[in-house]
Amino acid sequence: MSLKAGIVGLPNVGKSTLFNAITKKHILAANYPFATIEPNVGVVTVPDSRLSFLENMYVPKSTVPTSFEFTDIAGLVSGASKGEGLGNKFLAHIREVDAIVEVVRCFLDENIIHVSGDVDPIRDIEIINVELVLADLEIVLNRIEKIQKKATTTKDKDALLEFSALTKCKTALEQNIPIRDITDFTDEEAVLLKNFSFITMKPIIYVANVLEEDAVAGENKYTKLVQEYASREGAGVIVMCAKMESELAELEESDKKLFLSELGISYSGLDKLIFATYDLLGLQTFFTVGKDECRAWTFKKGTVAKKAAGLIHSDIERGFIKAEIMKYSDLEELKDEKKVQEAGKLNLEGKDYIMQDGDIVYFRFNV
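Residues numbered from 1 in each chain as written. Predicted model: local features only at pLDDT ≥ 70, side-chain atom pairs only at ≥ 80, totals over all residues. Heavy atoms only, no water.

## Things to note about the overall build of the chain
Put simply, the rule is: A run of DSSP states H or I qualifies as a helix once it reaches four residues; a run of E qualifies as a strand once it reaches two. Both are numbered from the N-terminal end. In what follows, a contact means two residues having at least one pair of non-hydrogen atoms within 4.5 Å. Per-residue and other accessible areas were derived by the Shrake-Rupley procedure at a 1.4 Å probe size, with only the shown protein chains allowed to occlude residues.
Counting its regular elements, the chain contains 15 helices and twelve strands. Counting contacts in the chain only where the partners sit at least 6 residues apart, residues at least 24 apart contribute 70% of the total. For the chain, the accessible surface area stands at approximately 18,200 Å², while carbon and sulfur atoms represent 50% of it.

## What about the pattern of salt bridges?
One side chain can pair with another of opposite charge once the charged atoms of both are near each other. Cut-off, in case you're wondering: Any carboxyl oxygen of Asp or Glu within 4 Å of a side-chain nitrogen of Lys or Arg constitutes a salt bridge here. Partly exposed residues are those whose accessible area sits between 20% and 50% of the maximum for their type, while under 20% is buried and over 50% is exposed, using a 1.4 Å probe and protein chains only.
One pass over the structure, following the stated rule, counts 20 salt bridges. Here Lys4 makes a salt bridge to Glu69, at a shortest N to O gap of 4.0 Å. Placement of Lys4 in strand S1 (residues 4-8) and of Glu69 in strand S4 (residues 67-72) is noted, with a sequence separation of 65 residues between them. Since its relative accessible area comes to 23%, Lys4 is described here as partly exposed. Among the ionic pairs, Asp359 bridges to Lys327, the shortest N-O distance being 2.7 Å. Of the two residues, Asp359 sits in strand S12 (residues 359-365) while Lys327 sits in strand S10 (residues 320-327), which places them 32 residues apart along the sequence. A relative accessible area of 28% places Lys327 in the partly exposed class.

## Some details on the sheet that holds S4
For clarity, the threshold we go by: In this analysis, strands are considered paired if DSSP registers two or more bridges between them. Angles shown run from 0 to 180 degrees and are taken between the N-to-C directions of axes, each axis being a line fitted to C-alpha atoms and, for helices, limited to the stretch in contact.
Strand order in the open sheet formed by six strands is S2-S4-S1-S5-S6-S7, and the pairing between neighbours is mixed. Looking at which strands have only one partner, the edges of the open sheet turn out to be strand S2 (40-45) and strand S7 (236-240). Going across the sheet, the axis of each strand differs from the next one's by a mean of 25 degrees, ignoring polarity. Where strand S6 (residues 204-209) and S7 come together, five bridges link them in parallel fashion. Residue pairing across strands places Val207 opposite Ile238, the latter belonging to S7. On the sheet, helix H4 (residues 121-153) packs against strand S5 (99-105) and S6 and is oriented at approximately 145 degrees with respect to S5. Running at roughly 165 degrees to S7, helix H11 (residues 269-280) makes contact with S1, S2, S4, S5, S6 and S7 of the sheet.

## Some words on the layout of surface pockets
How we decide: Buriedness for pockets is judged along seven lines, at least five of which must meet protein on both sides within 12 Å for an open set on the 1 Å grid over protein atoms alone, while cavities are sets there where a 1.4 Å probe fits but cannot get out, and lining residues have an atom within 4 Å of a point. Grid points are joined across faces, edges and corners, and a volume is the space filled by probe spheres set on the points. Following the grouping adopted for this structure description, the nonpolar residues are Ala, Val, Leu, Ile, Met, Phe, Trp, Tyr, Cys and Pro, the charged ones are Asp, Glu, Lys and Arg, and the polar ones are all others, Gly among them.
Taken as a whole, the largest pocket encloses approximately 1,100 Å³ of empty space. Lining the largest pocket are 39 residues, and of these Val46, Pro47, Asp48, Glu253 and Asp271 sit closest to its centre. When contributions to the lining of the largest pocket are tallied by element, the ones reaching two or more residues are helix H1 (15-23), S2, helix H2 (49-58), helix H9 (242-248), helix H10 (253-263), H11 and strand S8 (283-288). Its residues assigned to classes, the lining of the largest pocket comprises 19 nonpolar, nine polar and eleven charged.

## Focus: the packing of aromatic side chains
Using the following cut-off: By convention, a stacked pair of Phe, Tyr or Trp rings (six-membered ring in the case of Trp) has centres within 6.5 Å and planes under 30 degrees apart, an edge-to-face pair has planes over 60 apart, and any other such pair is tilted. Charges are assigned to positions over rings by a cutoff of 6 Å between ring centre and Lys NZ or Arg CZ, combined with an angular limit of 35 degrees from the ring normal.
Summed over the entire model, instances satisfying the criterion amount to nine aromatic pairs. Consider the rings of Phe286 and Phe299, whose centres lie 5.9 Å apart with planes at 45 degrees: the pair is tilted. With Phe286 in strand S8 and Phe299 in strand S9 (residues 293-300), the pair connects residues that are 13 residues apart, well separated along the chain. One aromatic cluster is present, formed by Phe286, Trp297, Phe299, Phe320 and Phe363 through successive ring pairs. A cation over a ring is seen here: Arg295 above Trp297, with NZ or CZ 4.1 Å from the ring centre.

## Structural notes on the pairing of S5
Counting buried positions over the seven residues of S5 gives seven, a clear majority of the element. Burial along S5 is two-sided: Ala99, Val101, Val103 and Arg105 facing one way and Ile100, Glu102 and Val104 facing the other are all buried. As judged from the four bridges shared by S1 and S5, these two strands associate in the parallel manner. Bridge pairing in S5 links Val8 to Glu102.

By themselves these figures say nothing about function.
Dropping the structure here:
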């Protein structure tokens, strides 16, 4: 399952520094606008202590964690929806992602130029969000112009459905309300709108980029403003120091844990972002285990067993018979598969079983 989160923000807010930390790559992170021109894509693994436990229990030949992609997208400026800066490239690339991670500068540093001259996180958020709204509104208006006559004169069912959905989008966008905040779409309208890849329909999370001392404290006067803003639209906020995260990414895991422990921090900002983005995308994890391989698999909440089998191989989905499932929590408690079975906690489920986070699965199939 290939899912992407796009990292966006104004120039010089710390996007590329954050991306360096995420992927442990060293792309250009220069002190001038548009240091990033083409999107850089990196695959990140999702930290999961459960997989470590399973690895220690089964001692497999290989262990494969679950992962998803972060894309670092060129910095946005006011007027991007009209082609300013690298606007057209930005908007094309952001339409391809599943969720938006918006990096907001929440620190003072005279050595790093701010594209607008001073630090004002709410202004920066609104510059980006207005451009995204305008980009979607342009698509909505163009499409309404094409279908309105057909919808109103011929009463074509499909045209009426599309016209109704787009009219709701137009009304909201003209009030600077993102499409994801519209609550009165019918099920049919919601399905139809997925074909448009509207940017403001994508879920969003804000990263408040701060100095190291503020990352340890967990907030500053700027992050409080971002949290207040995000709470009004039901979005999450992760406070982190991108520079510190980039330095942490260079350390061995044991050294990283020691460093964080000395700071009194349980998880790095990067780990928190990965967890939050994974949840934002509505993702969960199931496991397959054995002496050959222990592996974590990503699936969307609500996925049924037969579809989950297809994530491993299409033949398993096609020939699906049953799924043998035990809960990770039961295996962790009883420490042995046989004991889980003896306790009556190894279940045989059919194709319509809704997969749960932490399921350990063996798929029975025949092709």
